[in-house]
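Structural overview for review
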Amino acid sequence: MSDDLIYLDYAATTPVDPRVAEIMLAQMTMDGGFANPSSIHIVGRRASEVVERATRQLATLINCSAKELIWTSGASESNNLAIIGAARNREHRGKHLISMPTEHKAVTDVLRALEKKGFEITWLQPDADGRLRIGDLADALRADTQLVSIMYVNNETGVIQDIKAIGALCRERDVLFHVDAAQGVGKLPFDLATLPVDMASMTAHKIYGPKGIGALYKADRPGCNVDPLLFGGGQQGRIRPGTLPVPLIAAFGLAARIAGENLQADFAHVQALNKRLWAGLSTIAGVLRNGSAEHSFPGILNVSIEDIEGESLLLALEPLCVSTGSACNSLKQEPSYVLRSLGRSDELAQSAIRFSFGRATTSAEIDFVIHRYRDAVGKLRQLAPGKAA
Ligand SMILES: *Cc1c(COP(=O)(O)O)cnc(C)c1O
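Residues numbered from 1 in each chain as written. Predicted model: local features only at pLDDT ≥ 70, side-chain atom pairs only at ≥ 80, totals over all residues. Heavy atoms only, no water.

1. Some remarks on the sheet that holds strand 2 (residues 69-72)
Spatially, seven strands are ordered 2-8-7-6-5-3-4 in an open sheet, and the strand pairing comes out mixed. The outermost strands of the open sheet, each flanked by one partner alone, are strand 2 and strand 4 (120-123). When the angles between neighbouring strand axes are averaged without regard to direction, this sheet yields 20°. Looking at chain direction, strand 3 (residues 96-99) and strand 4 are connected through four bridges and run parallel. Residue pairing across strands places Ile98 opposite Thr122, the latter belonging to strand 4. Along the sheet, helix 3 (residues 75-89) contacts strand 2, strand 3, strand 5 (145-149), strand 6 (176-180), strand 7 (199-203) and strand 8 (214-218); its crossing angle with strand 7, the most-contacted strand, is approximately 160°. (Pairing = 2+ DSSP bridges. Helix = DSSP H or I, 4+ residues; strand = E, 2+ residues; numbered from the N terminus. Axes fitted to C-alpha atoms, helices over the stretch in contact; angles between N-to-C directions. Contact = heavy atoms within 4.5 Å.)

Have a look at this one:
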């Protein structure tokens, strides 16, 4: 990056891997796979082969079959298709759905929209670590429950939910299980051959692919159906029509392949950075980690601090590019609803900073972050000594 900017917002989006950018460009021009993959002619077939290869690449990463993948514009659309599509498809059987208040807005707001249309939503509160209590889910499941939607890795805290246990319970009760896996796929193992998951949302731009392309995994099993939200051509079995964006799909496929090949190395890298950052920040008076230390993806570290005002802290932290809460909510000054659900006070939630890092982050950058944070906190406490801890 230019100047002395340090990018620590990988959970908001990642830079595109240069190899991915290259393959994307190659599929746009006359001498590449620019054609409509639905066309029968030779260039059409060539484009269609590019799509098939990318589909295999993503299917390999999550260990599913190629026919179980639907291309979308991103995880937001995948969440909408999974939740609204399944709710409409099963409406005649019942109108009860279950989720958590700590989900991404692209799940909570979809459910709220359904609520206005007569569906009933049960919101299960997390424990103080941010995790779902399986017993709460068991109690909430009813005969008319159609769908449970719980995310894999939380975008603000990195907290990991027990997808296997949740899925097993849903299977037992014959309820569909959707997982927003946007922050987990390509970063942690996510093996759909062994996980009892019916639908999973993914997006390329969290794993060094471009923005504007995502996928929905929909298990090829009886009863796992969604009604389409869009109508048009016959593409993708009419579940999601529209001319396939071959360059974006090729890019997502390659990004998925690279993520799979680097899964362990990437994980070890962010794990070491996380340890280093927490070792430095936790020595500062009043610093608290938000979310489970044990069950978290280490590419995200979310910390609050006592007696410090969030906006001032964010300003004092420049040139660090970090978020308070999630990027989608950063424009609003409200304390994070995710952290409020974990039992944090408004003040503590407001002081939260989400550090998220990735392949290009260095330990020297982490050391600078620690130094900068300590410095900023010291200055702000001097300005408001009455409040200092
Ligand atoms: C980024 C993100 C989304 C939204 O993905 P888009 O591809 O930007 O629509 C949804 N859920 C989670 C958990 C995310 O992190």
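Picking up where we left off.
2. Some words on the site of the ligand
Taken together, Gly74, Ala75, Ser76, His104, Met151, Asn155, Asp180, Ala182, Gln183, Thr203, His205 and Lys206 make up the full set of residues adjacent to the ligand. At 2.6 Å, a side-chain N or O of Thr203 approaches an oxygen atom of the ligand. The class makeup of the residues in the shell around the ligand is three nonpolar, seven polar and two charged. (Near = heavy atom within 4 Å. Polar contact = N/O pair within 3.5 Å; in protein donor to acceptor, adjacent residues only side chain to side chain. Nonpolar A, V, L, I, M, F, W, Y, C, P; charged D, E, K, R; others polar.)

3. Concerning the pattern of salt bridges
All chains considered together, the criterion is met by 17 salt bridges. The closest approach of N and O atoms between Arg354 and Asp9, which form a salt bridge, is 3.0 Å. Placement of Arg354 in strand 12 (residues 353-356) and of Asp9 in the loop between strand 1 (6-7) and helix 1 (18-26) is noted, with a sequence separation of 345 residues between them. Exposure class is identical for Arg354 and Asp9. Each is buried. When the shortest N-O distance is used, the salt bridge between Glu120 and Arg142 registers 2.9 Å. Here Glu120, found in strand 4, pairs with Arg142, found in the loop between helix 5 (134-140) and strand 5; they are 22 residues apart in sequence, far enough to count as distant. On the accessibility criterion, Arg142 (32% relative accessible area) is partly exposed. Connected through salt bridges with shared partners, the residues Asp17, Arg19, Asp266 and Arg359 form a single ionic network. (Salt bridge = Lys/Arg side-chain N within 4 Å of Asp/Glu carboxyl O. Buried < 20%, exposed > 50% of the residue type's maximum accessible area, 1.4 Å probe, protein only.)

4. Describing the side chain of Ser292
Among the structural elements, Ser292 can be located in the loop between strand 9 (287-289) and strand 10 (300-305). The exposure class assigned to Ser292 is buried, which follows from its relative accessible area of 1%. Among the polar contacts listed, one links the side chain of Ser292 to the backbone nitrogen of His295, at a separation of 2.7 Å. Those residues in contact with Ser292, other than ones at most four positions away along the chain, are Asp129 and Val159.

5. Details of the environment of Thr194
Along the chain, Thr194 falls in the loop between strand 6 and strand 7. Along the primary structure Thr194 and Ala26 are separated by 168 residues, whereas in three dimensions their C-alpha atoms are 36 Å apart.

6. Re the environment of Gln125
By the secondary structure assignment, Gln125 is in the loop between strand 4 and helix 5. Looking at Gln125, the relative accessible area reads 43%, which means it is partly exposed. Along the sequence, Gln125 and Thr102 sit 23 residues apart, while their C-alpha atoms lie 8.0 Å from each other. Those residues in contact with Gln125, other than ones at most four positions away along the chain, are Met100, Pro101, Arg133, Asp136 and Ser341.

7. Some thoughts on the domain arrangement of the chain
You can read the domains of the chain as domain 1 (6-14 + 263-382) and domain 2 (18-261). The C-alpha centroid of domain 2 is placed 28 Å from the C-alpha centroid of domain 1. Each side of the interface is counted separately: domain 1 has 29 residues, and domain 2 has 36 residues. Three residues, Leu263, Phe297 and Arg359, lead the burial of domain 1 against domain 2; their summed loss comes to 25% of the area buried on that side. At the junction of domain 1 with domain 2, the criterion picks out zero salt bridges. Across the domain 1-domain 2 interface, the total number found is 16 residue pairs in polar contact (both at pLDDT 80 or more). Mapped by element, the contributors of at least two residues to the side of domain 1 that touches domain 2 are helix 8 (263-281), strand 10 and helix 10 (337-341). (Domains from an automatic or database assignment. Buried area = accessible area lost by both parts, 1.4 Å probe.)

8. What to know about the sheet that holds strand 12
Read from one edge of the open sheet, three strands run 9-10-12, paired in antiparallel fashion. Two strands close off the open sheet at either side, each with one partner strand: strand 9 and strand 12. Within this sheet the neighbouring strands show an average axis-to-axis angle of 30°, counted without direction. This element, helix 8, spans strand 9, strand 10 and strand 12 of the sheet and lies at about 10° to strand 10. On the sheet, helix 12 (residues 363-383) packs against strand 9, strand 10 and strand 12 and is oriented at approximately 15° with respect to strand 10.

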